[in-house]
Structures are given as C-alpha cells and as structure tokens.
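# Fold and contact review
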Amino acid sequence: MSMFSKFLTGMSFRSTTPTFEAGEEIEVYVTELDEESGELVAQVGETRLHFENGEADIVGCRVLATVESFDNAEHRGRVSHRKTLSQGSF
Amino acid sequence: MSDTDSGDGTEIEEISGPDVEAIEFYGGRWMSVVPIGVFILWAIVQSGLFGIGDTTGLVAGMLVALIVGMFFAKGDWKNYANTIFDGMTKRVAATAVVAWLWAGMFSNTLQAGGFVGGLVWAANAADVGGALFPAATFILAALFTTGIGTGYGAAVAFSALFFPAGILLGANPVLLFGAILSGAVFGDNLAPVSDTTIVSAVTQDADIGGVVASRFKYAVIAAVLALAAYVFAGNAMAGLDISQQAQDLFVQNSEPAGLLHLISMLVVIVTAVMGRHIVEAISWGLIVAVVFNVVFDLAPLSDVLLFKVPETSAAASWAGSLPIAEVVAAENAGVTGSIYNGAAGFFPLIVLVLLIVAGSEIMIRGGGFEAIQEWLLENVATGVRKAETTMVVGTALVNSMITINTAAEIAIAPYIARIGQRYNINSYRRANILDANTSALGYIFPWGGGVLIGFATLQGLPGQYEWFTSAMVVNPVQVWPYVFHGWFLFGVFLLSALTGFGLEYTTDRKSKDVTRL
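Report follows, based on the coordinates. (Residues numbered from 1 in each chain as written. Chains lettered and ligands numbered in written order. Predicted model: local features only at pLDDT ≥ 70, side-chain atom pairs only at ≥ 80, totals over all residues. Heavy atoms only, no water.)

## A word on the overall build of chain B
Our working rule: Helix numbering and strand numbering both begin at the N terminus, where a helix is a DSSP run of H or I of at least 4 residues and a strand a DSSP run of E of at least 2. The quantity called the radius of gyration is restricted to C-alpha atoms. Its globule counterpart is 2.2 Å times the number of residues to the power 0.38. The buried label applies to any residue whose accessible area, calculated with a 1.4 Å probe on protein chains only, is under 20% of its type's maximum; exposed applies above 50%, and partly exposed to all values in between. Any two residues having at least one pair of non-hydrogen atoms within 4.5 Å are treated as being in contact. Each accessible area is a Shrake-Rupley result for a 1.4 Å probe, and residues are judged covered by the shown protein chains and nothing else. The charge count includes Lys and Arg as positive and Asp and Glu as negative, but it does not include His or the ends of the chains. Charge positions come from single atoms, namely NZ of Lys, CZ of Arg, CG of Asp or CD of Glu.
Counting its secondary structure elements, chain B contains 25 helices and three strands. Relative to the globule expectation of 24 Å for 517 residues, the C-alpha radius of gyration of chain B, 24 Å, shows essentially globular dimensions. If you line up chain B on its principal axes, its C-alpha atoms span 75 × 65 × 45 Å. Out of the 517 residues in chain B, the part that is buried amounts to 57%. Relative to all contacts within chain B whose residues are 6 or more apart in sequence, the contacts with residues 24 or more apart total 80%. Carbon and sulfur atoms make up 64% of the accessible area of chain B, which totals about 19400 Å². Chain B carries 20 positive and 37 negative side-chain charges, and their two centres are separated by 11 Å.

## What to know about the sheet that holds strand β1 (residues 25–29) of chain A
Think of a sheet as strands paired side by side through backbone hydrogen bonds, with each pair either parallel or antiparallel. Residues and elements named next belong to chain A. Basically, it comes down to this: At least two bridges found by DSSP between two strands are what make those strands a pair.
Strands sit in the order β1-β5-β6-β4-β3-β2 across an open sheet of six strands; the sheet is mixed. Each having just a single partner strand, β1 and β2 (32–33) make up the two edges of the open sheet. Note: strand β3 (residues 40–44) against strand β4 (residues 47–51), four bridges, orientation antiparallel. Counted as the bridge partner of A42 is L49 from β4.

## Some details on helix α13 (residues 261–273) of chain B
Rules: A helix's residues, less one, multiplied by 1.5 Å, set its expected span.
The first and last C-alpha atoms of α13(B) sit 18 Å apart over 13 residues, in line with the 18 Å expected at 1.5 Å per residue. Packed against the buried residues of α13(B) are α1 (3–8) of chain A together with α5 (91–112), α6 (115–126), α7 (133–148), α11 (208–236) and α14 (278–295) of chain B.

## Observations regarding the packing of aromatic side chains
Residues and elements named next belong to chain B. Rules: Here is the rule: rings of Phe, Tyr and Trp (six-membered ring for Trp) pair when centre to centre is within 6.5 Å. Planes less than 30 degrees apart are stacked, more than 60 are edge-to-face, and the remainder are tilted.
Applying the stated rule across the entire model yields 22 aromatic pairs over all chains. Ring centres of Y218 and F493 lie 4.4 Å apart, and the angle between their planes is 40°; on these two criteria the pair is classed as tilted. Separated by 275 residues along the polypeptide, Y218 in helix α11 and F493 in helix α25 (residues 484–499) bring together distant segments of the chain. Take Y218 and F493: they sit in the same class, and that class is buried. Taking the centre distance of 6.2 Å and the plane angle of 65° together, the rings of W480 and W487 count as edge-to-face. When its relative accessible area of 37% is taken as the criterion, W480 is described as partly exposed. When its relative accessible area of 29% is taken as the criterion, W487 is described as partly exposed.

## Section: the nonpolar core
Generally speaking, soluble globular proteins have nonpolar side chains that are buried together. Residues and elements named next belong to chain B. Our working definition: We define a nonpolar core as any set of buried Ala, Val, Leu, Ile, Met, Phe, Trp, Tyr and Cys residues linked to one another through side-chain atoms lying within 4.5 Å.
In this structure, F158 and F163 are the most contacted members of the largest nonpolar core, which totals 175 residues. Ranked by residues supplied to this core, first place goes to α11 with 12 residues. Setting aside residues no more than four positions away along its own chain, F163 makes contact with F158, P173, L176, F177, I180, L458, L461, F468, M472 and V474.

Structure (structure tokens):
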C-alpha cells in the first residue's frame, strides 16, 4: 500500500454485510462457537463465516482462513482455518 | 486445534503466556469491577468535582482502589497480588510507556527550539484582523499540537501568547479560547507523538503510522467545518475595544526560524506513515530538531541536555567547559534539558497506565469484564452499526466523566477492542473511534483537563499585562459551545458509526499493516 493510498483508504460508506469470494485468504477474529451448528463462527459485520475445522479454544483469536464458499444472498460463508496468528487484545 | 503454528515456530500457547488463575470475589464476578470502579469514582471526584488535574493524584486513587478491591477477593490474596504484577507487565502497557518517553523528549525539544515563536511570527506576517484571528489561531494551534503532541501544552502556550494578542486585535475572547481548544483537539487526535494517539493504537493492535494516516480523513472533514465556523462566527461575534497594539506583543515573542520545526514534525509523521517503527520515527525527528536548534541558534545544546555538576564534585574543575555541563552549588545539582524534562513529564502517566492495566487484569480474571461485555453485546451492541455507535457514545461518556482524557481512554480501550473484534471491525477504525472522542470530549466540557489548564493560564494574564482585566478571562462554562472542532469531530464519528462511512473490517487489510507498532 502506497503512502498516499494509506490516507485515502476507507473513504466510502461500507456495507454491514461484506461479501467474499471462494478461495480468498482472509484474517479474522473468531467470534463464537455457534450453539446450533456446533461450528466456530467469525462474524464480519453482519456476515457470518462458519469454520469447517478448528477447536473452541481459538474463540477470540485472530486467525488466517480460506473462504471455501460464499452465499451472497444469505451473507453466509464457509471457511477453513489455516493458522492461528494471535490472541485478541485484552 | 488443527494448526496453531504461526510458521516461525511460535505456538499459540507462547503467545498467550502461561495459564492464568481466575480470582473469585465475594458477591460474584461483578465485584471484580471494584478496583476500576473505585478509581473511576475517585477520578470523577478529583477531576470533575474538585477540578484537580493532577495525574499523580489519580495514581494515588488507583493504589487505594487496588487495596480496597483486595478485601473483596476470596481465599489467598496472593493470587490477587500476582495479578497486579501480571497486568503491569502486559505488552500493551510497556508499548505505551516506550512511545510516551520518546514522544516526551521530542515534544520538549520542539518547544525549547521556539516552535511557538515561529507560529507567532507566522500569525504576525499573515496580518489578519480580529474577525479572522480565531480562525488563524485554530490553524496554528492545530499545527503546533500536531508537532508537540500534547493538547494541554498547546492550551497553555496559546492561552499565554495568542489569547492576549487576539484580544488586542479585537477578536471575541470566548471564540478565541474555543479556537485554541479546537486546535488542541486536532493535534491531540492526529499527532503520532500524542499520548492519546499512542494509547489508541497500542490498545487496538494497530501501528501508529497507519493509525495517523487512516484518521486523516475524519480530522480534515471536521477541521474544514470548524474553520468555516470560526470564520463565520469571527465576523458575527464582536470583540473588545482596547486601545493597545498587538504588534509589540507579537514582535517580543516572534522567532521566524522556529517554523523550521514544521520540518521536524513532518519527519516524524512521514517516517511513521511510511511504516517505520514509531521509536525510529520519533528518534529521527528528535535528531533533526536538535540539529535545527543548534545550527540555527534556536536553543543551545544545554537546553536539550544539561548536567548541573555540584562544585564539590571531583570533575567540577573541567566539567564547566563542556557544552552540556555547568558547575553549580551542591544543592542545585541535577540533570535538566528537554530530553530529561520531556521524559520525566510522562512519569506520572506511566505509573498510572501500569496500575490501570493491573486493575483491568483483575476485572478480567474476576469475570467482571466479561459480564459487562456480555451485557453490552446482548442489550446494546447487537449489530455492527449499533456496536460502533456504542463505541462512540461510550468513549464520549467515559471521557466526559474522567476528564484527564488519557486515563479515560485507557479505561475504555479494552471494551472498544472486544466489541470491535466481535464484529471484526478493523483495528485502525477502532483506534480512530477511541481517540477522536477521547480528544474531542477532553476539551469541551468546563471540567475537562484541557479547558482547566487553559483557564488557569488565562487567569495569570491580568498579572502580566496592565491592560488585561479579570473581566477578559473566559470562564470554562462559557466556552463549551465554541470548541467547534471537538463538536464536529464527535459528530463526524457519530454519523460515521450510523452510516458506515470509513468503516473497514479486519478482512480489508492484511495483518502486516497492523502487527507492528
């Protein structure tokens, strides 16, 4: 990212439901263990990404994940956990 | 866990540290809030009710609060005591401490080099009249604070110099004081060497250079609106008619070469935004500032660092010939200069942040932090827009109660982090929400630390100038509607939270941007 673009990034009105592409590599904080599905979930805005793998102790951690599939209409996706990067702040 | 290896051999267990022991409290997990709760109460009484802006007083409050909290802990108090140690050694506290020390040295060196004198010269050269003087003061105070990083310092320097000069030119006193405080808000919010900027970045896992660049858009929008408001109000609000000349006051304090420190300031900003470590960025700025001071005769080397060698010392015979030493009576021995004073100025705040982080750690291990967080997420921050609005209003509320804004920022920072991470709000955005509202509110309300420091300076003016009467001193209760940049900055963030302007998610920027300071 150039120095100039660092000043301009984010000059837009962002949706509450961001979309993703299959194959995309993303970094997210793991939000919770979904009680209904028993799967880990990362909530990005109002978009929910369900993990196909990973264990409960990474809730709150920042992880590297790959988007396996994404439903634009439902704002739901499935991701696979690749690597745990760090714990969340505090 | 399928894969916890970070690729360089770092396991998540190493990142998180050893397993921690929970603390149980009489009365349940909510009672772990007692240390932080007592401290907040102390801060409200000390700064809000009594109007005492003494950071060391808050240190005493936090110490008392930690002792009071211990009486509610069940079982062996050793666990409680160890938690204080664990909290104080957290990286977030250490990072802020290091950045503050560097920022303090830089800030004091710029002031020693006549930075404010350069801005006085610029104001004189611009030759603006009373109507436009508040707008000009806002711009210059904003520049000054962006350079030195402390809005409190700007409130003092500008209240002492620009305020009487503006009165003589016919500017409205209330509007002028509001413009000074607005400039302090701007710099406190944007400067990479600002204590609040540093806290906002390190508590949200963001690098300081990236934080400064990402908040530029909000700051500029609010500043343009504030500038227009000062131009309009300056023409609409009458000043006082005093038959004295402002010129003399300007000439006495004018130092055109002081403007060279705009370059020192830019060195820090550009180096930090380019991605260099903040310690490196400020070090380069400090070196440039010292060179300018010496080469352009802005301040001698002894203003940067001076050893006051006692005459009883064995080195007294030759130490006096050094440019950074002088021989003094034994009782006056010591070290001084901008490097010394700049770092020492942060000592009370450093101790305070260590103790507040310790109190937060007790609240985390006692379950109180989680209880508050659960309540907020279930009842208030139930969507990303509501979460951001909660972050904006929550930060503003805490800052309106704890008027030493850095202390308020440290207290609310963990909630901004947790609520923001719940919705994967980008660390830059979280840091920006945290700092903008901390900076703004600290200079608006009559009991705010920045307002009180400026007011104290104004109270000294009748003793300095024969023509300056006590009726010209602006009371803090008069000025709050006129701190335009503070109000606009708060408004920009409230609208941003409600509309999604500037919102970024953690998925929008790769971690390489946010993993270093």
